Structure formats: structure tokens, C-alpha cells
2 protein chains.
Amino acid sequence: MTSLRKCALLILCLVALSGSAWAQPDREVLYQTSTLDALMVGVYDGPVSFQQLGQHGDFGLGTVNALDGEMLALEGHFYQITADGVVHEIDAAAHTPFACVTFFDRDRSASIGAQNSLAELSAQLDLLLPTKNTFYAIRIDGEFPYLKCRSVPRQQRPYPGLAAAVAEQSVFEWRDLRGTIVGFRCPAYVKGVNVAGYHFHFIDATRTRGGHLLDCQVRQAEVALDLTRELRLVLPESEDFDRAPLDEAPGEEPTPAE
Amino acid sequence: MTSLRKCALLILCLVALSGSAWAQPDREVLYQTSTLDALMVGVYDGPVSFQQLGQHGDFGLGTVNALDGEMLALEGHFYQITADGVVHEIDAAAHTPFACVTFFDRDRSASIGAQNSLAELSAQLDLLLPTKNTFYAIRIDGEFPYLKCRSVPRQQRPYPGLAAAVAEQSVFEWRDLRGTIVGFRCPAYVKGVNVAGYHFHFIDATRTRGGHLLDCQVRQAEVALDLTRELRLVLPESEDFDRAPLDEAPGEEPTPAE
């Protein structure tokens, strides 16, 4: 090989290396667009596309512009569960007003047995946490004798607050599904920014049923935890967000009595 | 020039370019180590050095390990104001349990006239904000007919909570100083993570007096705002942090009656 060719090869290698270094995102970051409080007061349109969101994570949850259903990200696929119960893969050009994603890396895992409710499952998960003061991405693959999920209907402007929108939710109940619970546990001190405690969405193994998890029973499941110490909170550049009355926001996700 | 030399030069340029791209931090980010709630419950030692902190900003505030006084960063200098009222430049090897920094870029500026109190100054600043829903770094250079600052004394393990530590604060009052107020305004929804509203430290023009700002009068001042939409909250990797009872943390900075 001539020295010129060697040089050209070296340059190519350098360019490739620096390119991959730039493209490599930090996997140990929870990336969040907008805040829970903004969603609470009806900021249902955001400027972040799913193409952009995908650069920050392959795993997570949120919603779609106009509050058009529940969003769940799993293994790089972004799913929308609309209020009619249909699961759609989301177009990269669609946008989100609120989402939370990370690149999922299994830090801890455990097999768990029968759980009779989401409360029981949560108490079981609590036992697996080395500390309650950090963020966790949580993936639970299992068999579920019972599941109760909800989705919210697409809203029209002028947007009502989240409590009013959730009052119109669709509720789905299923027996004996296999599938995956996707979500996060956030520490209490981020209340207002994100959901304090556990927040889960569900999708079944056939990717045809799912939603925001309201309750479940577990036969057996594999739990994987990704402990994350960094939150990247990015506020949307939008008039809706800037004008939202966030000083008066209630700071808790509404859970209508059912 | 031989083609080999040309190649070598090109390689050097590429390496320099990629190096500078790697070294270039995002200036529009508020970088924060640990949380207000953790400081509230006595997590006064952190693993982040000032050398590391300086990579994330040249402007900001916080404290030093063992809660050893007030910290203020201005134009890349990190100052510690100990409880005896002395201002020290901080060694890069020292560590911080709580700090908030950014690279200051003037987005908006304004000249303001006489203000009779910190409350009046805050109300005046409110008028300059395009929205109360984002983060602001705020720099105020001016003439101050009156200033009242405090610093907290270095604590011993087992550490008391911040309210107890602040009860032992030193209070300094000065007349007719020139100097700079350095601080942030955080939106209400980050309460628990950081101070909701304004949080200011002060240092005089001779860099010999300063502290956490409790009150002030302004003769005239130049206000500069750096609007910031991204918060990078990085939780410390420490047993102290992980074990802190953050579920019970009060979420507001104590302001002892004086």
C-alpha cells in the first residue's frame, strides 16, 4: 500500500471513529420532554418528534400530540394505544407533548411469583430497589391473569386539563395475557416534573392490546431494573408551554375513581 | 508539500476538530448535582469536584463539602464564602454536595433603578421574564446602598438537617458596596429538586465580601438573564445520598426569622 493510501485509510478510520463518538448517546440518562404539571393543565401539543425522541431512548412512555392515547416505547418501537383500544406504530414525524425515555440496560433482574394487584406488585418491586432516591426504568415481562388498562381520547382545542380528559378515558380489561409492562419509578422529590412513584404502561406480546396500567394480577414475571442517576429535563420551545399556568398546577396525576 | 505531509496535516486538522467538538459543552443547560431535598436532610458531602463542576458551567451557586459556607461561581472563578466572612478561591480538588451551574450567555438585559428590598428587586425581575415556566440564570451588576448576606458554618458528622445548620448562620450587613448578584430563578414545579423562585448569592467587586443574599437595596444595576430550557439533574453516587430519607424531606429552603 502506498503511503497516500495508508493516509486515506487512516483518515477514513478517524472520521468513522469521531462520527460514532458523536452519534453515541449517553445511555444512562432519563430524557424527558416537558413536565407532568404542563400536561396536567392541558399542554397537549409539543414540538418534539418521535424521530427526535428516538435519539434519546428506545424504552419509555408518554403520549402523542392532542393527548391522542397512551404511548409506550419498547426495544426501539414506539406504540400508540388510542382510546378505541387499537395499537399503532407511531410515525417518526408525529410529535409528543410529554414523554420520558431512556436506553434500557438491565442493571438488576429478578423473577417474581404471583401478585394479586398492582399495589402488591409495586410493594414487591420496592423490595428490589437499592435506594428510593434515584430514577429507575422498569421492564416486566410476564404472564398476567388479569389486566386493567386505560387510554385517553384525542382532545380538541381549547384543551381541558388532564383531570377532565381522563374523566373520558376508555377502560380495557383482559384475562390471561402475556406481555410487557414498561415504565419508571421516580423519587418523590420530582413531583410536578414527573410522576412520583411508579408509572406503567402495558403492551401484550402480540402488540395489539395495551394502555396505561390501572391494575393487574401477575402469575409470574421477569423484572429488569435500569437504575439511572441523571435526568435530562428539556422544556419545549412553545407558546403553549410558556403560557401555561404552572404556578397553579396540582402536581399529581389524576386517578379517577372507578 | 509532499502528499504524505498534506495527509499528516489533514489528519492533525481532523483530530483537532473532533477534539474541540468533544470538548465543547452545551452552554444552554443548567447542570445540577444533587437535590435541594438531599441538602435539606443533611447530605453535605458529595463526590463531584470543582474541577468536574467547572466543565459544566462558569456561573452559578451552591456550597462546599461539609456545608462549609456559600459557593458562588462567576466568570469561571469559584468562590467560597466561609462563615467567618472570608472569601476564598476554591481549589479544583475540593468537592461539592450541591451546586447548580451553567455557561452564562446574556439573552436579555435591562438597566434598573432604585429598589428598596430584595422583594422589590424580585418583583422588578418578574417583569423582565418572558415566561415563569423556564429556568433563568441571573446576573446583576450594580451599586448596593445596603446588603445583608449570610453564610453557614462548616458542619461535623453526624450532620444535622439544613434548618438546624442555618440556625447557626453568620449574618453580614454592609453599606454602599459595588458587586454582583449571581443566581437562578427556577419554576415552582421543581420544588424539592431546587429552590423554587429566586435564589441569589452575592460577591462584591473586590471579591472580599459576599454570601447567600438575604436582603438588599439597589441604587442602580444592570440585569442580565440567560433563559435556559434544559435541566441536567445528576444524582451523586454516594451512600449518603442513597440512604437519605428523601420521602420525608420538606422541600423548601429554611429562612430563619431574623
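Residues numbered from 1 in each chain as written. Chains lettered and ligands numbered in written order. Predicted model: local features only at pLDDT ≥ 70, side-chain atom pairs only at ≥ 80, totals over all residues. Heavy atoms only, no water.

A.B. asks: Got a sec to walk through the overall build of chain A? Specific residues and values, please.
C.D. replies: Secondary structure assignment for chain A yields six helices and 15 strands. Considering only intrachain contacts with a sequence separation of at least 6, the fraction spanning at least 24 residues in chain A is 78%. If you sum the accessible surface of chain A, you get close to 10,700 Å²; carbon and sulfur atoms cover 51% of it. (Helix = DSSP H or I, 4+ residues; strand = E, 2+ residues; numbered from the N terminus. Contact = heavy atoms within 4.5 Å. Areas by Shrake-Rupley, 256 points an atom, 1.4 Å probe, with all protein chains shown as cover.)

A.B. asks: Help me get a handle on the side chain of A:Gln115, residues and values and all.
C.D. replies: Residue and element names in this part refer to chain A. Structurally, Gln115 is set in the loop between strand 9 (108-112) and helix 4 (118-126). Polar contacts involving the side chain of Gln115 include one to the main-chain carbonyl oxygen of Gly113, which spans 3.2 Å. Sequence-distant contacts of Gln115, defined by excluding residues within four places in its chain, comprise Glu120, Leu121, Gln124, Gln217 and Val218. (Polar contact = N/O pair within 3.5 Å; in protein donor to acceptor, adjacent residues only side chain to side chain.)

A.B. asks: So what about the packing of aromatic side chains? Which residues, and what values?
C.D. replies: Think of a pair of aromatic rings as described by two things: how far the centres are apart, and how the planes are tilted against each other in angle. Within the structure shown, the criterion is met by 14 aromatic pairs over all chains. When the ring of A:Phe50 is compared with that of A:Phe78, the centres are 5.7 Å apart and the planes differ by 70 degrees; the resulting orientation is edge-to-face. Here A:Phe78 lies in strand 5 (residues 77-81) and A:Phe50 lies in helix 3 (residues 50-53), a separation of 28 residues in the sequence. A relative accessible area of 3% means that A:Phe50 is categorised as buried. Ring centres 5.6 Å apart and planes at 20 degrees place the aromatic pair A:Tyr198 and A:Phe200 in the stacked group. A single burial state applies to A:Tyr198 and to A:Phe200, both of which are buried. In textbook terms, an aromatic cluster arises when at least three aromatic residues are bridged by ring pairs, as seen for A:Phe59, A:Phe104 and A:Phe184. The aromatic ring of B:Tyr198 is capped on one face by B:Arg185, whose charged end is 5.5 Å from the ring centroid. (Phe/Tyr/Trp six-rings, centres within 6.5 Å; stacked < 30°, edge-to-face > 60°. Buried < 20%, exposed > 50% of the residue type's maximum accessible area, 1.4 Å probe, protein only. Lys NZ or Arg CZ within 6 Å of the ring centre and 35° of its normal.)

A.B. asks: Go over the pairing of strand 11 (residues 170-186) of chain B, please, and point to the residues and values.
C.D. replies: Residue and element names in this part refer to chain B. Across the 17 residues of strand 11, 12 count as buried, placing the element largely inside the fold. With 15 bridges joining them, strand 10 (residues 135-151) and strand 11 adopt antiparallel strand pairing. Residue Ile138 lies in a different strand from strand 11, and its bridge partner there is Gly183. Here eight bridges tie strand 11 to strand 12 (residues 197-204), and the two strands are oriented antiparallel to one another. Paired with Val182 across the two strands is His201, which belongs to strand 12. (Pairing = 2+ DSSP bridges.)

A.B. asks: Explain helix 4 (residues 118-126) of chain B to me, using residue names and the numbers behind them.
C.D. replies: Residues and elements named next belong to chain B. Among all positions in helix 4, only Leu118, Leu121, Ser122 and Leu125 are buried. Axial view of helix 4: buried residues confined to an arc of 100 degrees, hence all on one face. Those residues of helix 4 hidden inside the fold are in contact with strand 9 (108-112), strand 10, strand 11, strand 12, strand 13 (210-217) and strand 14 (220-228). (Arc of directions from axis to C-beta.)

A.B. asks: Could you give me a rundown of the pattern of salt bridges, with the residues and numbers involved?
C.D. replies: Where charged atoms of side chains with opposite charge meet at close range, the side chains can pair. Considering all chains together, one arrives at 32 salt bridges over all chains under this definition. Among the salt bridges present, the one from B:Asp141 reaches B:Arg139, with a minimum N-O distance of 2.8 Å. On the basis of relative accessible area, B:Asp141 is assigned to the partly exposed category, the value being 24%. Here B:Arg139 falls in the buried class, since its relative accessible area comes to 14%. Overlapping salt bridges bring together A:Glu143, A:Asp176, A:Arg178 and A:Arg219 as one network. (Salt bridge = Lys/Arg side-chain N within 4 Å of Asp/Glu carboxyl O.)

A.B. asks: Help me get a handle on the state of the cysteines, residues and values and all.
C.D. replies: Simply put, the disulfide is a covalent bond whose two ends are the sulfur atoms of two cysteines. Residues and elements named next belong to chain B. Scanning all chains against the criterion turns up zero disulfides over all chains. No disulfide involves Cys149; its sulfur sits 8.5 Å from the nearest other cysteine sulfur, which is in Cys216. For Cys149, a relative accessible area of 0% corresponds to the buried category. Cys100 provides the cysteine sulfur closest to Cys186, a residue in no disulfide bond, and the two sulfurs are 5.8 Å apart. The buried category is assigned to Cys186, whose relative accessible area is 1%. (Disulfide = S-S within 2.5 Å.)

A.B. asks: Go over the environment of A:Ile138 with me, naming the residues and quoting the values.
C.D. replies: All names here are of chain A. The residue Ile138 is located in strand 10 (residues 135-151) in this model. Spatially, the C-alpha atom of Ile138 lies 15 Å from that of Ala119, the residues being 19 residues apart in sequence. Those residues in contact with Ile138 that sit more than four places away from it in its chain are Phe59, Phe104, Ile181, Val182, Gly183, Phe184, Arg185, Tyr198, Phe200, Val223, Ala224 and Leu225.

A.B. asks: Tell me about the nonpolar core, and please be specific about residues and values.
C.D. replies: One finds A:Phe135, A:Tyr189, A:Leu233, B:Phe135, B:Tyr189 and B:Leu233 to be the most contacted residues of the largest nonpolar core, which totals 56 residues. With residues up to four places along the chain from it excluded, the contact list for A:Leu233 reads A:Gln32, A:Ser34, A:Thr35, A:Val193, B:Phe135, B:Tyr189, B:Arg229, B:Glu230 and B:Leu231. (Core = buried A, V, L, I, M, F, W, Y, C linked by side-chain atoms within 4.5 Å.)

A.B. asks: Requested: an account of unusual backbone geometry, with residues and values cited.
C.D. replies: Here A:Arg157 and A:Pro158 are connected by a cis peptide whose omega angle stands at -5 degrees. Structurally, the position occupied by A:Pro158 is in the loop between strand 10 and helix 5 (162-166). Here the phi dihedral of A:Leu67 falls at roughly 55 degrees; this positive angle occurs in a residue that is not glycine. Note on A:Leu67: relative accessible area 2%, which makes it buried. A positive phi angle, near 70 degrees, is found at B:Ala66, a position not held by glycine. Along the chain, B:Ala66 turns up in the loop between strand 3 (59-63) and strand 4 (70-74).

The analysis is restricted to geometry; functional conclusions fall outside its scope.
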